[in-house]
Amino acid sequence: MVIDEMNNAEIMKNAIEDFEKVQRCMILAKEENATKTYANLKKDYISLKALLTVAGVNLTELDKIKE
């Protein structure tokens, strides 16, 4: 049971870090007018946002893009 909780915590930590990284890249892509890159990153953003939402993570402070 403790191992499962550690694995879940590690999974959530990684997902949050990935979510933040994707958002940073999306912001840069938007600034550089890289629309194809932005659109590709948006797919990852949506997937990660859905995963974190289902897991019960409050994205109020984490979500900089808000799409």
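Everything below is about the structure printed above this text.
About the criteria used
Here the residue index of a chain counts from 1 through its sequence in written order. With the structure being a predicted model, the display of local features is reserved for residues of pLDDT at least 70 and the display and counting of side-chain atom pairs for 80 or more, all residues being used for whole-chain, interface and lining totals. As a rule here, side-chain values come from all non-hydrogen atoms in the structure, and water together with hydrogens is ignored. Helix numbers and strand numbers start at the N terminus; a helix is a DSSP run of H or I with at least 4 residues, a strand a run of E with at least 2. In this scheme, a residue with accessible area under 20% of its type's maximum is buried, one over 50% is exposed, and one in between is partly exposed, where area comes from a 1.4 Å probe on protein chains only. The protein chains shown are the only cover counted for residues, whose accessible areas, like all others here, come from Shrake-Rupley with a 1.4 Å probe. This count recognises Lys and Arg as positive and Asp and Glu as negative, with His and chain-terminal groups excluded. Here the site of a charge means atom NZ of a Lys, CZ of an Arg, CG of an Asp or CD of a Glu. Here a polar contact is recorded for every N or O atom pair within 3.5 Å, except that within protein the pair must consist of a potential hydrogen donor and a potential acceptor, and residues adjacent in sequence are included only if both atoms are side-chain atoms. Here, two residues are considered to be in contact whenever any of their heavy atoms come within 4.5 Å of each other. Under the convention used throughout, the expected extent of a helix is 1.5 Å for every residue step, that is, one less than its residue count. Comment: arc refers to directions from the helix axis out to C-beta atoms. Residue types Ala, Val, Leu, Ile, Met, Phe, Trp, Tyr and Cys, when buried and joined through side-chain atoms within 4.5 Å, form a set referred to as a nonpolar core. Whenever Lys or Arg places a side-chain nitrogen within 4 Å of a carboxyl oxygen from Asp or Glu, that contact is recorded as a salt bridge.

*Asks:* Got a minute to help me understand the overall build of the protein chain in this structure?
*Replies:* If you tally the helices and strands in the protein chain, you get 2 helices and 0 strands. Taken over the C-alpha atoms alone, the protein chain extends approximately 45 × 20 × 15 Å along its principal axes. Going through the 67 residues of the protein chain one by one, you find that 22% of them count as buried. As displayed, the protein chain has an accessible area near 5100 Å², and 58% of this comes from carbon and sulfur atoms. Each charge class in the protein chain was averaged separately, 10 positive and 12 negative side chains, and the resulting centres sit 8 Å apart.

*Asks:* Sorry, what's going on with the side chain of Gln-23 here?
*Replies:* One can find Gln-23 in helix H1 (residues 2-31). Residue Gln-23 is classed as buried on the basis of its relative accessible area of 2%. A distance of 3.1 Å separates a polar side-chain atom of Gln-23 from the backbone nitrogen of Ile-65. Once residues lying within four places of it in the same chain are set aside, the contact partners of Gln-23 are Tyr-45, Leu-62, Asp-63, Lys-64 and Ile-65.

*Asks:* Got a minute to help me understand helix H2 (residues 35-54) in this structure?
*Replies:* Quick reminder: α-helices carry 3.6 residues per turn. Residues three or four places apart thus point the same way. Taking 1.5 Å per residue as the helical rise, H2 with its 20 residues ought to reach 28 Å, and the 28 Å between its terminal C-alpha atoms agrees with that figure. For H2, the complete set of buried residues consists of Tyr-38, Leu-41, Tyr-45, Leu-48 and Leu-52. Angular distribution of buried residues about the axis of H2 spans 90°; they occupy a single face of the element. Opposite its buried face, H2 presents the exposed residues Lys-36, Lys-43 and Val-54, each directed more than 90 degrees away. Directly beyond the C-terminal end of H2, a positive phi value near 90° is found at Gly-56.

*Asks:* How do you make sense of the nonpolar core when you look at a structure like this?
*Replies:* Side chains of a nonpolar character, in soluble globular proteins, are inclined to be buried together. Phe-19, Val-22, Met-26 and Tyr-45 are the most contacted members of the largest nonpolar core, which totals 13 residues. For this core, the elements supplying multiple residues, two or more each, are H1 and H2. In this structure Phe-19 touches Tyr-45, Leu-48, Lys-49, Leu-52, Leu-59, Leu-62 and Asp-63, once residues within four positions along its chain are discounted.

*Asks:* Quick question: what am I supposed to make of the pattern of salt bridges here?
*Replies:* Opposite charge on two side chains allows them to pair when their charged atoms are near. Scanning the entire structure with this criterion turns up 3 salt bridges. Here Glu-17 and Lys-13 are joined by a salt bridge, their closest N and O atoms 2.9 Å apart. With a gap of 4 residues between them, Glu-17 and Lys-13 both fall in helix H1, about one helical turn apart. On the accessibility criterion, Lys-13 (42% relative accessible area) is partly exposed.

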